[in-house]
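Geometric and topological summary
Each chain, letter by letter, is given below.
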Amino acid sequence: MSSVATNKRSFFSDFKRFMPLLKNLVAKDFKIKYRRSILGVAWSVLNPLFTMLVLTIVFKVILRVKVGPGVDFATYYIVGASLWNFFSEATSTSLSSILTSGALIRKVYIPKYIFPLEKCVFALVNFSFSLVAVLAVMLIRGVYPTWATLLFPIPVIYCFIFACGLSLFLSAVTVYFRDVQHLYGVLLTMWIYLTPILYSTETLEQLAPSMQFVKYILYLNPMTHYINYFRAVVMYGVYGDLPSIEINVVCIAMSLAMLGFGALVFKKAEGKFILHL
Amino acid sequence: MINNENAVELRDIEMHFNMSSEKLQSLKEYFLKFMKRQLHFENFVAVDKVSFDIKKGDVFGIVGLNGCGKSTTLKIISGILKPTKGSVETQGVIAPLIELGAGFDMELTARENIYLNGSVLGYSKKFMDEKFDDIVEFSEMRDFLDVPMKNYSSGMVARIGFAIATVTTPDILIVDEILAVGDFLFQQKCEERINKMMQDDTTVIIVSHSIEQIERLCKHCVWLEKGKVKMIGETAEVCNAYKNTKRE
Ligand SMILES: Nc1ncnc2c1ncn2[C@@H]1O[C@H](COP(=O)(O)OP(=O)(O)OP(=O)(O)O)[C@@H](O)[C@H]1O
Ligand SMILES: [Mg+2]
């Protein structure tokens with residue numbers, strides 16, 4: 001065990017020391033989430049399937065939305081939505097993670113970033129279950145995986161880093177202003193519509209000249225890039241081209257910028273958390 | 001730099017709390033108050049310019065009336081609270097027993113909690129596997145291992161907590177009144193363990209309202225009054241002076 005001096009705790013020795021805690025907290029969340037439910041983990045697979053069914057009926061069958069020539073709507077939707085759901089679950093559960101861990105924070109020394117990080121990891125675990133649903137839909141709809149599909153961890157890692165950064169920021173700010181919870185709920189609702197989940201960026205080419213700004217918002221939205229990247233590799237040959245170096249640079253830059261910003265705000269705020277819990 | 005002979009060095013520690021009765025928790029309130037220039041903070045100094053050293057291997061007591069800042073000082077030493085002013089230096093691994101059931105999730109069973117609490121203290125899974133039986137043995141809670149902790153009595157929770165925190169020989173053990181809830185047999189057992197740790201050069205810091213316990217265990221003591229050091233020195237001297245405090 002490493003020695004800990006109160007004012008010389010290094011980030012990395014702390015991180016190693018508290019890895020088991022991270023694991024235990026994830027396991028605890030897992031037990032609590034799936035305890036007393038008969039279908040248990042199956043819900044994480046069934047849930048996105050049902051949502052996909054309903055939305056496909058509304059958007060494809062009734063509204064006749066097109067996402068591109070020869071692109072299957074159900075697959076298009078569930079691939080994008082699964083990554084979005086990861087992001088939205090990670091950030092909205094992280095948001096209150098410091099608040100709800102008040103009891104621990106007041107009594108023992110723990111690096112506090114563990115709590116939002118743990119929520120992001122737990123969302124990632126749930127995301128991995130939802131991939132079963134994604135794969136099922138792909139096989140049923142005849143969109144078969146290719147070698148490029150194996151690249152799918154790359155956009156997931158980008159998105160994970162981005163979500164961690166935002167989570168650090170949100171969880172810190174929420175300690176000071178509790179109404180961030182409601183504000184973020186509203187923001188997420190707007191955000192999901194400004195992300196190409198139920199429509200595709202290509203259809204935006206037909207926007208009226210006065211509405212071009214919508215396109216720019218979409219391009220400034222990191223989730224657009226992660227989701228398009230995710231689709232491009234998972235649905236390779238059906239939708240989009242393999243992401244170029246530039247796209248990778250944009251994704252990495254956005255993720256690291258968010259992580260840097262979130263970590264900075266969190267570090268500045270964490271010393272005073274305990275006074276507000 | 002901390003002196004090699006000291007386990008803890010506190011220099012002019014101050015801890016200020018904002019005691020304004022309404023805590024601002026929403027942006028709207030904050031803006032309204034800000035516009036009306038009503039953002040006043042009522043400052044309360046819970047610990048005021050406290051300085052002392054604790055030698056390695058010492059058993060050190062902190063006495064004082066309710067609310068004089070004992071628990072706050074312990075939290076500053078263990079790194080839970082960051083002092084508003086002053087510097088804290090410590091050497092070695094700290095096992096803090098600040099409050100009952102810190103790091104327990106009452107919904108989980110004792111078995112699950114032992115692992116959870118171990119990881120809260122930064123112990124690895126493998127280490128906890130090795131020590132599991134020790135912990136259960138010491139706490140004498142084998143028959144209740146698979147019962148959710150919410151069904152435990154406070155003494156039973158304290159037993160498990162003490163057993164986990166002392167399963168290693170930490171360099172610094174911090175005990176805040178938790179010995180008080182155990183029955184007298186368990187208290188004796190805890191004191192034996194503390195005595196054994198002293199021989200192993202562990203520094204122990206104890207807060208207790210039982211003066212006899214402090215007199216029995218501690219070599220040195222500090223007496224805090226309203227956040228300030230009133231007296232510091234040999235246990236006998238400090239405790240005698242403290243016992244002579246009169247109700248105002
Ligand atoms: N988070 C906090 N916010 C505001 N005030 C606090 C906070 N924590 C402690 N205080 C104040 O600091 C003072 C010292 O509290 P502390 O818990 O250190 O007392 P104590 O000496 O441990 O008392 P006791 O013998 O009752 O355990 C008290 O007046 C308390 O109200
Ligand atoms: Mg106290």
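Residues numbered from 1 in each chain as written. Chains lettered and ligands numbered in written order. Predicted model: local features only at pLDDT ≥ 70, side-chain atom pairs only at ≥ 80, totals over all residues. Heavy atoms only, no water.

1. Observations regarding the nonpolar core
Tyr77(A), Leu83(A), Phe86(A), Phe87(A), Tyr226(A) and Ile114(B) are the most contacted members of the largest nonpolar core, which has 124 residues in total. Here this core gathers at least three residues from each of two domains, domain 1 (1-93 + 170-248) and domain 2 (100-169) of chain B. Excluding its chain neighbours within four sequence positions, the residues that come into contact with Tyr226(A) are Leu83(A), Pro155(A), Tyr158(A), Cys159(A), Phe162(A), Cys251(A), Met254(A) and Ser255(A). (Core = buried A, V, L, I, M, F, W, Y, C linked by side-chain atoms within 4.5 Å. Buried < 20%, exposed > 50% of the residue type's maximum accessible area, 1.4 Å probe, protein only. Domains from an automatic or database assignment. Contact = heavy atoms within 4.5 Å.)

2. Quick word on the packing of aromatic side chains
Pairs of aromatic rings are described using the distance from one ring centre to the other and the angle between the two planes. Applying the stated rule across the entire model yields 25 aromatic pairs over all chains. When the centroid spacing of 6.0 Å and the interplanar angle of 50° are considered together, the rings of Phe127(A) and Phe230(A) count as tilted. One end of the pair, Phe127(A), is in helix α7 (residues 114-141); the other, Phe230(A), is in helix α11 (residues 222-234), and 103 residues separate them in sequence. For the residue pair Phe127(A) and Phe230(A), the accessibility class agrees, reading buried in each case. The lysine or arginine in question, Lys189(B), covers the ring of Phe138(B), its NZ or CZ lying 4.9 Å from the ring centre. Its end group placed over the ring of Phe138(B), Arg193(B) keeps NZ or CZ at 3.9 Å from the ring centre. (Phe/Tyr/Trp six-rings, centres within 6.5 Å; stacked < 30°, edge-to-face > 60°. Helix = DSSP H or I, 4+ residues; strand = E, 2+ residues; numbered from the N terminus. Lys NZ or Arg CZ within 6 Å of the ring centre and 35° of its normal.)

3. Some details on the state of the cysteines
By definition, a disulfide links the sulfur atoms of two cysteines through a covalent bond. The final tally for this structure, using the stated rule, is zero disulfides over all chains. Counting only cysteine sulfurs, Cys159(A) is the nearest neighbor of Cys251(A), a cysteine outside any disulfide, at a range of 9.6 Å. With no disulfide of its own, Cys190(B) has Cys218(B) as its nearest cysteine by sulfur position, at a separation of 14 Å. (Disulfide = S-S within 2.5 Å.)

4. A closer look at the environment of Ser78(B)
All names here are of chain B. Note that Ser78 resides in the loop between α2 (70-77) and β4 (85-90). Through-space distance from the C-alpha of Ser78 to that of Val238 is 24 Å; in sequence the pair is 160 residues apart. Within the local environment of Ser78, its side chain forms a polar contact with the backbone oxygen of Leu74, the two atoms lying 2.9 Å apart. At 3.4 Å, the side chain of Ser78 and the backbone oxygen of Lys75 are in polar contact. (Polar contact = N/O pair within 3.5 Å; in protein donor to acceptor, adjacent residues only side chain to side chain.)

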